[in-house]
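Each chain, letter by letter, is given below.
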Amino acid sequence: MDFFKKIINVVSPQLDEEQSNEFQQQAKAFVEDLDRLGRKYITFSDTELFKDHWKEQRGKCRTTRIPKKDPAYPAVKEFTQKYDDLDNIIAQQNDDFIKEESSRFNALLSDIDGKSLDNQQREAVLSDECRNLVLAGAGSGKTLTIAGKVKYLCKVKNVSPEDILLIAFTKKSAEEMTTRITDRLGIPVTASLMVQYLQDEEIADDFAVYYELYRKYESFYRIPEILSGEAWIDDSLRNAPFD
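About the criteria used
Residues numbered from 1 in each chain as written. Predicted model: local features only at pLDDT ≥ 70, side-chain atom pairs only at ≥ 80, totals over all residues. Heavy atoms only, no water. Phe/Tyr/Trp six-rings, centres within 6.5 Å; stacked < 30°, edge-to-face > 60°. Helix = DSSP H or I, 4+ residues; strand = E, 2+ residues; numbered from the N terminus. Buried < 20%, exposed > 50% of the residue type's maximum accessible area, 1.4 Å probe, protein only. Contact = heavy atoms within 4.5 Å. Polar contact = N/O pair within 3.5 Å; in protein donor to acceptor, adjacent residues only side chain to side chain.

Draft legend 1. How the structure looks around the packing of aromatic side chains. Considering all chains together, one arrives at seven aromatic pairs under this definition. A ring pair is formed by Phe30 and Phe79, whose centres lie 4.7 Å apart and whose planes are at 85 degrees; its orientation type is edge-to-face. Separated by 49 residues along the polypeptide, Phe30 in helix H2 (residues 17–37) and Phe79 in helix H4 (residues 73–84) bring together distant segments of the chain. Here Phe30 and Phe79 have matching classes, each one buried. Pairing Phe105 with Tyr152 gives two aromatic rings, centres 6.2 Å apart and planes at 75 degrees, and the pair type is edge-to-face. Taken together, the positions of Phe105 in the loop between helix H5 (86–104) and helix H6 (106–109) and Tyr152 in helix H8 (residues 142–155) put the pair 47 residues apart, joining distant regions of the chain. Taken individually, Phe105 and Tyr152 each receive the classification buried, so the pair is uniform in this respect.

So, in structure tokens, the structure goes:
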């Protein structure tokens, strides 16, 4: 029996007291880091950095045999469960953040050029991802949502209007954004035509990449149906690939 115990301990070593304490401390630090991370909107980049930071510790937990009677077992179990389910946990934390932020700044979001943003518009405004793709049809409140985003950034996040650039494809759209945001909201942002920026070679190259992605995913995300107001959310749309 002792022989087999030695073999098991070599293949999957158990913890001594110092190692047990270390695992408990690391598990506690993970929970505290996750709690701090959840005090704001957690971006995709934040998530990847967080995963990478704790990846080595997850590997140690996987290769170390921790008996249920060990004091570290409950903390390590919680750590591994949360790490492995991190995407869902962060998605829920972001949902909670948007609901709390929407309630906290309800007065602001209920008065964008005299109109109140609905839940979908508020989600677009409050999501603080590095890149946000919002697909909407004609007359669905796109310009109002953009105005709401600008107002939220300036009034809540203290972003300078000089650091905000709005780009439109048509002169009419640029004029509408200028009227709604600069004239009515009193926020002097710059609204310009895309054609002015496509004259710059570097910007044109970047735009070409995004346009290529748009064409690539046009059928996956049923963009023509969305723009015409005929699309509905189902598993094919939820599971569509994204680069």
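Moving on from the coordinates now.
Draft legend 2. How the structure looks around the environment of Arg58. Residue position: Arg58 is located in helix H3 (residues 44–63). The exposure class assigned to Arg58 is buried, which follows from its relative accessible area of 11%. C-alpha of Arg58 to C-alpha of Phe79: the two residues are 21 residues apart in sequence and 8.1 Å apart in space. Ignoring any residue separated from it by four or fewer positions in sequence, one finds Arg58 in contact with Phe79, Thr80, Tyr83 and Asp84. Of note is the side chain of Arg58, whose polar atom sits 2.9 Å from the side chain of Asp84.

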